[in-house]
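The residues making up each chain are set out below.
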Amino acid sequence: MTARGRRDSVATPTRQKRSKRNRLAAFVPLGILVVAWLAAACTSSIAADRATGEQGAGAEPALTSGSTTTFELPTTSTTSTTSTTSTTSTTSTTSTTSTTSTTLGSASRPFYRSPPLTAPGTTLTPVNPTVLAFVAPASSGQFVTATSEGQVAGRGPLQTYRVEVETTLDFDVAEFAEIVDRTLRSPRSWIGDGSISLQRVASGANLRIVLATPDTTDRLCAPLRTNNYFSCRSGDDVVINASRWANATTAWQSSIDDYRAYVINHEVGHFLGYGHVGCPKAGALAPVMMQQTKSIGACSPNSWVYPGR
């Protein structure tokens, strides 16, 4: 073999190796693109799953700060504290209605109770058949005040309260005030341990107790989500949702009168600084600060702070 032939036979394997490397190198960019596409697809899938878990269908919007409320209270978020000392008296008083009304404002209110998760979506079955026809009217944002004053009930430091009803509601303010008075003056209510006394006044009260339409309740209780359903306490205001006042809830297995006493005592309890508690044991009376509007659980319904008195 000539020298040139020997050089060609040596060069041929070298050229073959180079050609193979060139063909492999051509696939490298394609492989990189495939890996990048798979990585992007995985990232997108993970992000989608995370979004569904945090804010998927049915999730409630996050609470916002700086909500506008007027007068009424939010029961929803546990936050605002108000100092209250009260004494109680056991005298009943009658009240008359005033023609003056107050209009909703835009002052920011602190909120106290932790927000309810969701309002029940089922139709309520009222425990009192006489209220089956109740339909919540439109919101007016204006309130009629019970103008008479009651006697002091209890022995401790005095807390005063004012009672109002939204003008579009078909509930008499004098009757609402009488129910509130009868509840809070009972020794089974907050005055029962002698630590506070309570008195209804026509103006200048420490606490306002308002019966409001569901829409007005939502506005007054914001940023707490009352969802047209719950009542609440906000600052020095207690807001009773008129739908609950009329129909109670499906969870409440007692009379409408007992529910009304419960919701008054519960929300006023928040004003006095008490938070939510659970059912202590199966078969026990539910504590008044248990969220009985949502569920009684294994307990029995109870309207009172000191039910045995």
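Residues numbered from 1 in each chain as written. Predicted model: local features only at pLDDT ≥ 70, side-chain atom pairs only at ≥ 80, totals over all residues. Heavy atoms only, no water.

Brief notes about the nonpolar core
Alright, step 1. Within the largest apolar cluster, 42 residues are counted, with the highest numbers of intra-cluster contacts made by Phe176 and Ile209.
Alright, step 2. Of all the secondary structure elements, the ones that give two or more residues to this core are strand 2 (142–146), strand 4 (158–166), helix 2 (173–184), strand 6 (207–212), strand 8 (237–241), helix 4 (242–247) and helix 5 (256–271).
Alright, step 3. Considering every element that reaches this core, the biggest residue donor is helix 5, with seven residues.
Alright, step 4. Setting aside anything within four residues of it in sequence, one finds Ile209 in contact with Tyr161, Arg162, Val163, Glu164, Phe176, Val180, Leu184, Val238 and Val268.
Alright, step 5. Counting residues in each nonpolar core, the second largest holds eight residues, with Phe143, Val210, Leu224 and Cys232 among its members. (Core = buried A, V, L, I, M, F, W, Y, C linked by side-chain atoms within 4.5 Å. Buried < 20%, exposed > 50% of the residue type's maximum accessible area, 1.4 Å probe, protein only. Helix = DSSP H or I, 4+ residues; strand = E, 2+ residues; numbered from the N terminus. Contact = heavy atoms within 4.5 Å.)

Overview of helix 5
Alright, step 1. Relative to the 22 Å expected for 16 residues at 1.5 Å per residue, helix 5 spans 23 Å between its end C-alpha atoms, a close match to the ideal helical length.
Alright, step 2. For helix 5, a buried count of 14 out of 16 residues is recorded, marking the element as mostly surrounded by other parts of the structure.
Alright, step 3. Phi turns positive one or two residues past the end of helix 5, at Gly273, with a value near 105°. (Expected span 1.5 Å × (residues − 1).)

Focus: the environment of Val180
Alright, step 1. On the secondary structure map, Val180 appears in helix 2.
Alright, step 2. Spatially, the C-alpha atoms of Val180 and Val163 are 8.1 Å apart, while their sequence positions differ by 17 residues.
Alright, step 3. Every residue in contact with Val180, bar those within four places of it in the chain, is listed here: Tyr161, Val163, Ile209 and Ile264.

Section: the environment of Ala212
Alright, step 1. Locating Ala212 in the fold gives a position in strand 6.
Alright, step 2. Separated by 76 residues in the primary sequence, Ala212 and Ala136 have C-alpha atoms spaced 9.6 Å apart.
Alright, step 3. When near neighbours in sequence (up to four residues on either side) are disregarded, Ala212 contacts Phe143, Glu166, Leu169, Thr217, Val239, Ile240, Asn241 and Ala242.

Points about the pairing of strand 4
Alright, step 1. With eight of its nine residues buried, strand 4 lies for the most part within the structure.
Alright, step 2. With three bridges joining them, strand 2 and strand 4 adopt antiparallel strand pairing. Counted as the bridge partner of Val144 is Val165 from strand 4.
Alright, step 3. As defined by bridge partners, strand 4 adjoins strand 5 (residues 197–200) across four bridges and the pair is classed as parallel. Note that in strand 5 the partner of Gln159 across the bridge is Leu198.
Alright, step 4. When strand 4 meets strand 6, the two strands line up parallel, connected through five bridges. Note that in strand 6 the partner of Tyr161 across the bridge is Leu207. (Pairing = 2+ DSSP bridges.)

A look at the packing of aromatic side chains
Alright, step 1. Inspection of every chain in the model, using the stated rule, returns six aromatic pairs.
Alright, step 2. Between Trp190 and Tyr274 the ring centres are 4.6 Å apart and the planes differ by 25°, which places this aromatic pair in the stacked class. Separated by 84 residues along the polypeptide, Trp190 in the loop between helix 2 and strand 5 and Tyr274 in the segment after helix 5 bring together distant segments of the chain.
Alright, step 3. Tyr274 gets classed as partly exposed once you look at its relative accessible area, which sits at 39%.
Alright, step 4. Both rings, one in Trp252 and one in Tyr259, keep their centres 5.5 Å apart while their planes meet at 80°; by these two values the pair is edge-to-face.
Alright, step 5. Taking relative accessible area as the criterion, Trp252 reaches 1% and is therefore assigned buried.
Alright, step 6. Note on Tyr259: relative accessible area 1%, which makes it buried. (Phe/Tyr/Trp six-rings, centres within 6.5 Å; stacked < 30°, edge-to-face > 60°.)

Function cannot be read off these values alone, since they describe shape.
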